[in-house]
Amino acid sequence: MTGAILGASLGGLAVGTLALGAYHPNCRLFGPVIGRGPRRGRALYLTFDDGPNATATERIAEMLELHRVPAAFFMVGAHVERHPDLSRAVARAGHEIGNHTQHHLKLHVSGPATISRELEESHAALLAVTGRAPRSFRAPHGLRNPFVTFAAHRLGYTVFGWTFGVFDSARPGSDEIRRRVRARLRPGAVILLHDGDGYDPSGDRRQTAEALPGIIRDARDAGYEFRPLGELIA
Ligand SMILES: [Zn+2]
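In this text the structure is predicted, and so the values were computed from the model without any measurement.

A. Focus on the environment of Gly 156. Note on placement: Gly 156 falls in the loop between α6 (146-154) and β5 (158-159). The exposure class of Gly 156 is exposed, given its relative accessible area of 52%. Spatially, the C-alpha atom of Gly 156 lies 21 Å from that of Ala 71, the residues being 85 residues apart in sequence.

As structure tokens, then:
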């Protein structure tokens, strides 16, 4: 009786733990994930997911160049194939280019064959278009399972999570996006923003682009320095 109850409890615990690993972007249960940089110092890391996108990527890249800010772009392979020029421009500007799967699938419910295909197709697209093999990966929505870790490691990737996002993709207004980032700044933060829409190739991300100059100014006024995400790759 007690054993059965204990067994049921442990079973519940295991399911709960696996769910934590699948749903928490920085949970290390399925292998190492980098969700934050050094807590000493004043480094920040800007990251943009789900692009490239015609409404925002070029403007964001221009802003970054103007203010001499490095960033990382976790790109969707299908969007890269749709916008090769934008992808190349971001890569040529020296930003980190990461793999964000081919079709922005929710990988935690996918099997090993689908997961491998999603990562490998996107890897091939990024390499073909930018001439650079990506070395970092971020799972769509941070959703992972053990097969994701295997596939990412087979490609030699460092897996990234994030310190905070601000739901910029819900388009709360550029001032609100800026305010939310300012309120959550902390040393070593990996900041999640979106220059694209993982599903809709023409999704509107202009608010994020409009918020960016203010985000950069606020961070610098608070004594922070934007650093390349690649510094966190072992
Ligand atoms: Zn995404």
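From this point, the narrative continues.
B. A look at the coordination of the zinc ion. Coordination sphere of the zinc ion, protein contribution only: Asp 50 (OD), His 100 (NE2) and His 104 (NE2), at 2.0 to 2.1 Å. Between the donor residues of the zinc ion, the gaps in sequence give the motif D-x49-H-x3-H. Of this pair, Asp 50 sits in the loop between β1 (43-49) and α2 (57-66) while His 104 sits in the loop between β3 (96-99) and α5 (112-130), placing them 54 residues apart in sequence. Residue Asp 50 is classed as buried on the basis of its relative accessible area of 7%. According to the relative accessible area criterion, His 104 is buried, its value standing at 3%.

C. Seen up close, the pairing of β1. Burial of β1 is extensive: 7 of the 7 residues sit out of reach of the surface. Where burial is concerned, the two faces of β1 agree: the one with Ala 43, Tyr 45, Thr 47 and Asp 49 and the one with Leu 44, Leu 46 and Phe 48 are both buried. Examined bridge by bridge, β1 and strand β8 (residues 225-226) share 2 bridges and lie parallel to one another. Each bridged residue has a counterpart across the sheet, and for Ala 43 the counterpart in β8 is Glu 225. The sheet contact formed by β1 and strand β7 (residues 190-194) spans 5 bridges and is parallel. Within β7, the residue paired with Asp 49 across the bridge is His 194. Bridge count between β1 and strand β2 (residues 71-75): 4 bridges; the pairing is parallel. Its bridge partner being in β2, Leu 46 is matched across the sheet by Ala 71. In this view, the connection linking β1 to its parallel neighbour β2 by way of α2 has right-handed handedness.

D. Here's a closer look at the layout of surface pockets. Roughly 380 Å³ of internal volume is contained in the largest pocket. Taken together, 20 residues form the lining of the largest pocket, with His 141, Phe 167, Ser 169, Leu 192 and His 194 sitting closest to its centre. Counting residues per element, the ones that place at least two in the lining of the largest pocket are β6 (164-165) and β7. Per-class residue counts for the lining of the largest pocket are 6 nonpolar, 9 polar and 5 charged.

E. View of the packing of α2 against helix α8 (residues 206-221). Where α2 meets α8, the closest approach of the two axes is 9 Å, and the angle between their N-to-C directions is 10 degrees. Considered as vectors, α2 and α8 are oriented roughly parallel to each other. Touching Arg 59, Ile 60, Met 63 and Leu 64 of α2 are Thr 208, Ala 209, Glu 210, Leu 212 and Pro 213, all from α8. Residues that form the contact of α2 with α8 fall into these classes: 6 nonpolar, 1 polar and 2 charged.

About the cut-offs
- Residues numbered from 1 in each chain as written.
- Predicted model: local features only at pLDDT ≥ 70, side-chain atom pairs only at ≥ 80, totals over all residues.
- Heavy atoms only, no water.
- Helix = DSSP H or I, 4+ residues; strand = E, 2+ residues; numbered from the N terminus.
- Buried < 20%, exposed > 50% of the residue type's maximum accessible area, 1.4 Å probe, protein only.
- Donors = N, O, S within 2.8 Å, 3.2 Å for Na, K, Ca; no water.
- Pairing = 2+ DSSP bridges.
- Right-handed = clockwise from strand over helix to strand, strands pointing away.
- 1 Å grid on protein atoms, 1.4 Å probe; cavity = no way out; pocket = protein on both sides within 12 Å on 5 of 7 lines; lining within 4 Å.
- Points joined across faces, edges and corners; volume = space filled by probe spheres on them.
- Nonpolar A, V, L, I, M, F, W, Y, C, P; charged D, E, K, R; others polar.
- Axes fitted to C-alpha atoms, helices over the stretch in contact; angles between N-to-C directions.
- Parallel < 35°, antiparallel > 145°, perpendicular 65-115°, else oblique.
- Contact = heavy atoms within 4.5 Å.

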